[in-house]
Amino acid sequence: MAKAEKYRYSFKTLEGQTCTVRFEFEGFVGLSTTLVGADQPFTLGEFNTDENIFKPIRAQLATMNIIGSESGVTTDDFMMDNDDDVIVYFDFGSWTNYWMGYLTQDDFQETWIDTNHILTLRATEGLGLLKETKLGNNGAELIGTFTPFQLLEYAMQGAVQNFVDYRIFSNLFHVSMNDGNTYTGFDQCKIDAKTFQIDVLEYDDSYTAIEKLNIAWNQTIYMYRGKWVIFRIEELYCPTTDNIRGFRSNSSTRTLINTRYDVNIG
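Summarised in this report is the structure supplied together with it. Quick caveat, the model's predicted, so the values are computed rather than measured. (Residues numbered from 1 in each chain as written. Predicted model: local features only at pLDDT ≥ 70, side-chain atom pairs only at ≥ 80, totals over all residues. Heavy atoms only, no water.)

### What to know about the environment of T63
- Tracing the backbone shows T63 in strand 5 (residues 60-67).
- Separated by 61 residues in the primary sequence, T63 and T124 place their C-alpha atoms 9.2 Å from one another.
- Once residues lying within four places of it in the same chain are set aside, the contact partners of T63 are P41, F42, T43, T120, L121 and R122. (Helix = DSSP H or I, 4+ residues; strand = E, 2+ residues; numbered from the N terminus. Contact = heavy atoms within 4.5 Å.)

As structure tokens, this is what we get:
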């Protein structure tokens, strides 16, 4: 069944930027209800307590606070049968779907402060759910050789976003490869699927397969502006230019990215 928006709420940042959080429920039919955000209505953080810059998977956690007593909702209104039944979308100003994730079904919290009933919800990109599935093609065994990127695509089946539109910054090439603009070595070599075989018809779980692939290439994967980004860490240490080179692939059409990224701290 298709998903449709059941709830939404908006708030402004300290800089005056309008943000909107939307909840799409599996099989919902009807009009969307506007909720009331509480203090810290939406917080996005990374699962990286050890601050490891070389972490192969940079999953993120969204925490949402809603005034349930004013919105007329409780945790029961968000409980569903499956982990992927509710998708949360976060719009940041003009950036629609800046982030998206599955509403976690085992991490709700209700708090009473005076007369206000605060409901805390959390969502992730679904990367942790990949630990529950074995590497394969929607359950079918992978037979033969595949590029590392193809194997990563298979392993990411079940995450909240696909690879129709994505970015890659990974410029590690063998001398036999094409190292021109909009190329990456990550899809110019082959790996036998049995590399991830543990026993007869038994393979690594998808999360572990992604970790092994990214560790081997010293790269990481994360979501930015609602799209997956594959980033090789050495790209940050290029001594000859301040620009970082990669490409965007949108429906198999690649566009060069050669730009500088600055971070404001403080």
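From this point on, the discussion continues.
### A closer look at the pairing of strand 1 (residues 3-12)
- Of the strand pairs in this sheet, strand 1 and strand 2 (residues 18-26) are connected by nine bridges, and their pairing is antiparallel. Within strand 2, the position partnered with K3 by the bridge is E26.
- Once strand 1 ends, the chain turns through five residues before running back antiparallel as strand 2, passing G16 with a positive phi of about 85°.
- As defined by bridge partners, strand 1 adjoins strand 3 (residues 33-34) across two bridges and the pair is classed as parallel. (Pairing = 2+ DSSP bridges.)

### Structural notes on the pairing of strand 5
- Most of strand 5 sits inside the fold, with seven of its eight residues counted as buried.
- Two strands pair when backbone bridges link them, and strand 4 (residues 37-46) and strand 5 are joined in this way by six bridges, in the antiparallel orientation. Of the residues in strand 5, the one forming a bridge with G45 is L61.
- Here seven bridges tie strand 5 to strand 9 (residues 116-124), and the two strands are oriented antiparallel to one another. Looking at strand 9, one finds that N65 is bridged to T120. (Buried < 20%, exposed > 50% of the residue type's maximum accessible area, 1.4 Å probe, protein only.)

### Details of the nonpolar core
- Ranked by size, the top nonpolar core spans 59 residues in total, and within it F23, M64, F78 and M156 carry the most contacts.
- Looking at this core element by element, the count peaks at five residues for strand 6 (residues 86-92).
- Discounting chain neighbours no more than four positions away, the residues touching F78 are Y7, F23, F25, L35, I66, V73, L103, Q105, F108, L119 and L121.
- Core analysis: the second largest hydrophobic core is formed by five residues, F169, V229, F231 and I244 among them. (Core = buried A, V, L, I, M, F, W, Y, C linked by side-chain atoms within 4.5 Å.)

### So, the layout of surface pockets
- In this model, the largest pocket occupies a volume close to 920 Å³.
- As for the largest pocket, its lining consists of 24 residues, of which Y222, Y224, F231, Y261 and V263 are closest to the centre.
- If you list the elements that add at least two residues to the lining of the largest pocket, you get strand 4, strand 7 (95-103), strand 11 (165-169), strand 15 (219-224) and strand 16 (227-232).
- Top element by residues in the lining of the largest pocket is strand 15. It accounts for four residues.
- Class assignment for the residues of the lining of the largest pocket results in 16 nonpolar, three polar and five charged.
- Taken as a whole, the second largest pocket spans an internal volume of roughly 370 Å³. (1 Å grid on protein atoms, 1.4 Å probe; cavity = no way out; pocket = protein on both sides within 12 Å on 5 of 7 lines; lining within 4 Å. Points joined across faces, edges and corners; volume = space filled by probe spheres on them. Nonpolar A, V, L, I, M, F, W, Y, C, P; charged D, E, K, R; others polar.)

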